[in-house]
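# Working through the structure, step by step
Here's the letter readout for the chains.
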Amino acid sequence: MTNSESYVYNQNRIGLNENENAKSSCPCITGIDELDQKLGGGLPSGNTVLLVGSSGSGKTTLSMQFLTNGAKIGERGVFFTITEPLFKLTKNLEKFDFYDKKMIESGMVNLIDLRIISERLGLDAEKYTVEDASALLEILKDIADELDVKRLIIDSITALCYRLQTKEMIRDFIFKLGSSLASMNCTTILTSEVPPNEVKYSQYGIEEFIADGIIFLGDVDRKGDLIRTLQVIKMRGTNHSRTKSAMSISSKNGIELTPLLKSRV
Amino acid sequence: MSNTLIDGLKERVSQAITINTSVGVILPSSNYSDMMQALFEYMSSRNDHFWVYLAISKPYENIVKQFEYASQMTNIRFIDCVSRAAGITNKDPNCIYIESPSYLEKIIIEIMNIFKEVGDQLQKTLIIDSLTSLSIYNDNALVTEFFTHLINRTRLKDIHTFSLAIEEEMDDYINKIMYLRSNKIIKLRESFI
Ligand SMILES: Nc1ncnc2c1ncn2[C@@H]1O[C@H](COP(=O)(O)OP(=O)(O)O)[C@@H](O)[C@H]1O
Ligand SMILES: [Mg+2]
């Protein structure tokens, strides 16, 4: 009796933090079935996730699939790119069946080139001061708020930080970005570019501190053939699988996962 | 080759496929082309089945050259694991090309994707041609894991499997998994047929 009473009491206490509760009970589904299964339903809503991988590992593709799948269930999204111009991005996207131009036209998926914004702000395209970066961050937040997006991508945080001159500036910016994202009502993917064949999650070693989750895209060598892999390294608020999956990218289905065969290769 | 031989083979294939969820066929290489003929004739006669043919022994092109009617069948799809690795760049809408026979996970994904779109009124059946050729490109332990995994996944979706192995290319490993994972083993002997 005492036990159940204290249980109820605890429940109520948890109930005080209703926001947190709502967040954890309704995950942000990625729409990539096997990934959602791994995550116990999807990305925890409101989380900031670092999507790590070397060039060509599938970061942009996975992010876009996450956005378009969100749009299909009525969740608006925005994709901030700083690595490639929009025409190039859409040209690659058009090859995938999950992409539908109508999502762009209807404003459910918004693609924004951060370099054009920084140009409009009159910033030096290659070098940012702390003020520049903060101004950019403000605009980014305004856009996200105005569009009332539920899903936000920055592709990539590496390229964004690359424009800052010192480690201190990068650290300050990343923490500012972190608190900014935490105050927004959306689930965020920050892509992080790392050199191939290295187990590290970020270029500057700080990016992971603002992340609630880390997903690592890598590969394994099987007799000279590279097999794409995906692994959830951490995900706050979920009892996620930590096994390595084999990942496939195809025009028809975008990104798909299946358990990686483990026998010695 | 005599028609009675092919008819006899067809009869055995037919019986085994209808009753068992996973059939393993161990045959001498000299009977391989007879088995192919019997199998393709049987497949083309069954409109109530949907077939996925996993081609590892030879490219899709060679198969349809030999059995032209196969390219006209609407209830068969091919997965070709050897063309790309051999530098053959042909394309065919009836066939999915896998870059390398060592992309075993990709093979599983493609097999399951094809069957996912097939209605339940058709009996779904996967032909693996062959486990022994798969073991040319992959370590035995990996082939074992692949086959085990595949059998588990297909059974769950009521997909039958029909796996070929060439006797001369067989070792203890392949022999063991075939016996462990099949409901029925057909062992063809030259003398017998
Ligand atoms: N339509 C496609 N079908 C299959 N694979 C593709 C397709 N488009 C791109 N890819 C693969 O995805 C890779 C690029 O993925 P991308 O998401 O741009 O990587 P990243 O953003 O990590 O650099 C390419 O190198 C290519 O191998
Ligand atoms: Mg990219």
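What this report covers is the structure whose coordinates are included nearby. (Residues numbered from 1 in each chain as written. Chains lettered and ligands numbered in written order. Predicted model: local features only at pLDDT ≥ 70, side-chain atom pairs only at ≥ 80, totals over all residues. Heavy atoms only, no water.)

### A short note on the overall build of chain A
What chain A contains, in helices and strands, is 10 helices and nine strands. Burial analysis of chain A (265 residues in total) assigns 50% to the buried set. Working note: accessible area of chain A is about 13100 Å², and carbon and sulfur atoms make up 50% of it. (Helix = DSSP H or I, 4+ residues; strand = E, 2+ residues; numbered from the N terminus. Buried < 20%, exposed > 50% of the residue type's maximum accessible area, 1.4 Å probe, protein only. Areas by Shrake-Rupley, 256 points an atom, 1.4 Å probe, with all protein chains shown as cover.)

### Thoughts on the overall build of chain B
The helix and strand tally for chain B stands at seven helices and seven strands. Reading the helices (α) and strands (β) of chain B from amino to carboxyl end gives α-β-α-β-α-β-β-α-β-α-α-β-α-β. Compactness check: chain B gives a C-alpha radius of gyration of 15 Å against a globular reference of 16 Å for 193 residues, within 12% of the reference. Reported as C-alpha extents along the three principal axes, the dimensions of chain B are approximately 40 × 40 × 35 Å. For chain B, the proportion of its 193 residues judged to be buried stands at 58%. Pairs at least 24 apart in sequence give 75% of the contacts found in chain B among residues at least 6 apart. By element, 47% of the accessible surface of chain B is carried by carbon and sulfur atoms, the whole surface being about 8400 Å². (Rg over C-alpha atoms; globule rule 2.2 N^0.38 Å. Contact = heavy atoms within 4.5 Å.)

### Here's the deal with the side chain of arginine 163 of chain A
All names here are of chain A. Mapped onto the elements, arginine 163 comes out in the loop between α9 (157–162) and α10 (167–183). Although arginine 163 lies buried, it forms no salt bridge, and the closest oppositely charged side chain, glutamate 126, sits 4.2 Å away as judged by the N-O distance. Not counting the four nearest positions on each side in its chain, arginine 163 is found in contact with Ile82, Arg115, Ala125, Glu126, Lys127 and Tyr128. (Lys, Arg positive; Asp, Glu negative; His and termini not counted. Salt bridge = Lys/Arg side-chain N within 4 Å of Asp/Glu carboxyl O.)

### Some remarks on the interface of chain B and chain A
Listed by partner, the interface residues are 19 residues for chain B and 21 residues for chain A. Summed over both partners, the interface of chain B with chain A comes to about 1600 Å²; 49% of that surface belongs to carbon and sulfur atoms. The largest share of the area that chain B buries against chain A comes from Glu105, Ile109 and Leu142 of chain B, three residues that together contribute 33% of it. Connecting chain B to chain A are three salt bridges. The salt bridge partner of lysine 252 of chain A is glutamate 117 of chain B, with a shortest N-O separation of 2.8 Å. Inspection of the region where chain B meets chain A yields 12 residue pairs in polar contact (both at pLDDT 80 or more). Among the secondary structure elements, those contributing two or more residues to the side of chain B that touches chain A are α4 (104–116) and α6 (140–156) of chain B. Here the side of chain B that touches chain A is composed, by residue class, of eight nonpolar, five polar and six charged. (Buried area = accessible area lost by both parts, 1.4 Å probe. Polar contact = N/O pair within 3.5 Å; in protein donor to acceptor, adjacent residues only side chain to side chain. Nonpolar A, V, L, I, M, F, W, Y, C, P; charged D, E, K, R; others polar.)

### Topic: the nonpolar core
In this structure, Leu54, Ile79, Ile107, Ile111, Leu126, Ile128 and Phe146 of chain B are the most contacted members of the largest nonpolar core, which totals 41 residues. If you list the elements that add at least two residues to this core, you get β2 (49–55), α4, β5 (123–129), α5 (131–137), α6 and α7 (172–181) of chain B. Ranked by residue count, the leading element in this core is α4 of chain B, at seven residues. Once you skip the residues sitting within four places of it in the chain, phenylalanine 146 of chain B turns out to touch Leu261 of chain A together with Leu54, Leu104, Ile107, Ile108 and Leu134 of chain B. Ile143, Cys186, Ile206 and Ala211 of chain A belong to the second largest nonpolar core, which has 40 residues in total. (Core = buried A, V, L, I, M, F, W, Y, C linked by side-chain atoms within 4.5 Å.)

### Here we look at the environment of tyrosine 60 of chain B
Residue and element names in this part refer to chain B. Tracing the backbone through its elements, the reader meets tyrosine 60 in helix α3 (residues 60–66). Take tyrosine 60: its relative accessible area is 1%, and that puts it in the buried class. For the pair tyrosine 60 and serine 71, spaced 11 residues apart in sequence, the C-alpha separation works out to 9.7 Å. In this structure the side chain of tyrosine 60 is engaged in a polar contact, spanning 3.4 Å, whose partner is the side chain of aspartate 92.

### A word on the state of the cysteines
Working definition of a disulfide: a covalent bond connecting the sulfur atoms of two cysteines. Residues and elements named next belong to chain A. Evaluation of the coordinates by the stated rule reveals zero disulfides over all chains. The thiol sulfur of cysteine 28 is not disulfide-bonded, and the nearest other cysteine sulfur, from cysteine 26, lies at 8.8 Å. Given the relative accessible area of 3%, cysteine 28 is considered buried. Looking at the unpaired cysteine 186, the closest cysteine sulfur is the one in cysteine 28, lying at 9.2 Å. (Disulfide = S-S within 2.5 Å.)

### Considerations on helix α5 (residues 86–93) of chain A
Residues and elements named next belong to chain A. Among the residues of α5, those classed as buried are Leu89, Thr90 and Leu93. Looking straight down α5, one finds its buried side chains confined to an arc of 90 degrees; they lie on one side. Away from its buried face, by an angle of more than 90 degrees, α5 presents the exposed residues Phe87 and Lys91. Those residues of α5 that are buried lie in contact with α4 (59–72), β2 (77–81) and β3 (109–113). (Arc of directions from axis to C-beta.)

### Re the site of ligand 1
Residue and element names in this part refer to chain A. The environment of ligand 1 is made up of 14 residues, and the closest members are Gly56, Lys59, Thr60, Thr61 and Arg228. Residue serine 57 places a main-chain N or O atom 3.2 Å away from an oxygen atom belonging to ligand 1. Look at ligand 1: alone it shows 580 Å² of surface, and the protein chains cover 65% of it. Mapped onto the shell around ligand 1, the elements with two or more residues apiece are α4 and β8 (245–250). The element that contributes the greatest number of residues to the shell around ligand 1 is α4, accounting for three residues. Taken together, the residues of the shell around ligand 1 sort by class into two nonpolar, nine polar and three charged. (Near = heavy atom within 4 Å.)

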